[in-house]
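# A closer look at the structure
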Amino acid sequence: MPTLPRGLQTLTRLVRALTVLGAALLCLVPTLFWLTPDWVRAKGPQMAGLGDHPFVIDDRALAFGALGSLPAIALGLYALWQLWQLFGEYREGRVFSPLAQQLLRRFAWAMLAAALLAPFQRAWVGIVLTLGNPPGQRLLVIELSWNDYVSILSGAVLLAIATVMAEAVRLADDNESFV
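This write-up is about the structure you can find in this document. (Residues numbered from 1 in each chain as written. Predicted model: local features only at pLDDT ≥ 70, side-chain atom pairs only at ≥ 80, totals over all residues. Heavy atoms only, no water.)

## Quick look at the packing of helix α1 (residues 6-35) against helix α2 (residues 37-48)
- The interhelical angle for the contact between α1 and α2, taken along N-to-C directions, is 105°, at an axis separation of 6 Å. In terms of orientation, α1 and α2 fall into the roughly perpendicular class. Each of Val29, Leu32, Phe33, Trp34 and Leu35 in α1 lies in contact with α2, whose residues at this interface are Pro37, Trp39, Val40, Lys43, Gly44 and Met47.
- When the residues that make up the contact of α1 with α2 are grouped by side-chain class, the tally is nine nonpolar, one polar and one charged. (Axes fitted to C-alpha atoms, helices over the stretch in contact; angles between N-to-C directions. Helix = DSSP H or I, 4+ residues; strand = E, 2+ residues; numbered from the N terminus. Parallel < 35°, antiparallel > 145°, perpendicular 65-115°, else oblique. Contact = heavy atoms within 4.5 Å. Nonpolar A, V, L, I, M, F, W, Y, C, P; charged D, E, K, R; others polar.)

Have a look at this one:
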């Protein structure tokens, strides 16, 4: 097994610890959010871009809100699992292994998908919070923020880096076979 630079050894441990923390928070925070009507009342309209528009927090809104958060939670857990495995490969010194390349690509796709999903998740919150309003006062708000744009670009850049790394490894393998 190749010896990793000390900084990479530390980074692999740190990132793996952060993935465990992230997975726990990803399961806990949305659950607590949708189980706490006061929290939903305080933060939900802001998340959904509702401004001062009236909204209703009832059992149906809380249930649909929790249900609507499941795709983002699942996607986040998938991304964190890819990252956990990727840094396991790095820890073992297999930085350019086919599995490491595949894991990086999967993580990049998951990050890009999460960035694209985020505006729709927020729109869903707006729908469920205004679902109890009378007809004509229900809203569908789709906002794209600068953070969404940067997240989409970051996911695309990460995907490009993963693709370039895979191509570099392929070229190195081709060149090695000529020697």
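Now, onward.
## Some remarks on a nonpolar patch on the surface
- On the surface, Leu11, Leu14, Leu18, Leu21, Leu25, Leu28, Val29, Leu32 and Trp39 cluster together into a nonpolar patch covering about 760 Å² of accessible area.
- When residues in the nonpolar patch are grouped by element, the largest group, eight residues, is from α1.
- Structurally, Leu28 can be placed in helix α1.
- According to the relative accessible area criterion, Leu28 is partly exposed, its value standing at 44%. (Patch = residues over 30% accessible without salt bridge, like charges linked within 9 Å, V, L, I, M, F, W, Y side chains within 5 Å. Areas by Shrake-Rupley, 256 points an atom, 1.4 Å probe, with all protein chains shown as cover. Salt bridge = Lys/Arg side-chain N within 4 Å of Asp/Glu carboxyl O. Buried < 20%, exposed > 50% of the residue type's maximum accessible area, 1.4 Å probe, protein only.)

## Some details on the packing of aromatic side chains
- Summed over the entire model, instances satisfying the criterion amount to four aromatic pairs.
- An angle of 75° between the planes, with centres 5.3 Å apart, marks the rings of Phe33 and Trp39 as edge-to-face.
- Each ring, one from Trp146 and one from Tyr149, has its centre 5.3 Å from the other, and the planes form 35°; the classification is tilted. A residue pair is termed a helical-turn pair when its members lie 3 or 4 positions apart in one helix, as Trp146 and Tyr149 do in helix α5 (residues 146-178) at three residues.
- Ring-pair connections join several aromatic residues into one group, and the members of that group are Phe33, Trp34 and Trp39.
- Stacked on the ring of Trp84, the Lys or Arg Arg16 has its end atom at 3.6 Å from the ring centre. (Phe/Tyr/Trp six-rings, centres within 6.5 Å; stacked < 30°, edge-to-face > 60°. Lys NZ or Arg CZ within 6 Å of the ring centre and 35° of its normal.)

## Considering the environment of Leu129
- Mapped onto the elements of the fold, Leu129 is located in helix α4 (residues 98-130).
- Once the C-alpha coordinates of Leu129 and Gln82 are considered, the two residues, 47 residues apart in sequence, prove to be 33 Å apart.

## As for the pattern of salt bridges
- Overall, the coordinates contain five salt bridges when judged by the stated rule.
- As a salt-bridge pair, Glu89 and Arg94 come within 2.9 Å of each other at their nearest N and O atoms.

## Observations regarding the nonpolar core
- Leu83, Leu86, Phe87, Tyr90 and Leu104 are the most contacted members of the largest nonpolar core, which totals 13 residues.
- Listing elements by their share of this core, those giving two or more residues are α3 (59-91) and α4.
- With six residues, the top contributor of residues to this core is α3.
- Ignoring anything within four residues of it in the chain, the contact list for Leu83 reads Val15, Thr19 and Phe107.
- By size, the runner-up hydrophobic cluster in this structure holds 11 residues, among which are Phe33, Trp34, Ile57 and Val125. (Core = buried A, V, L, I, M, F, W, Y, C linked by side-chain atoms within 4.5 Å.)

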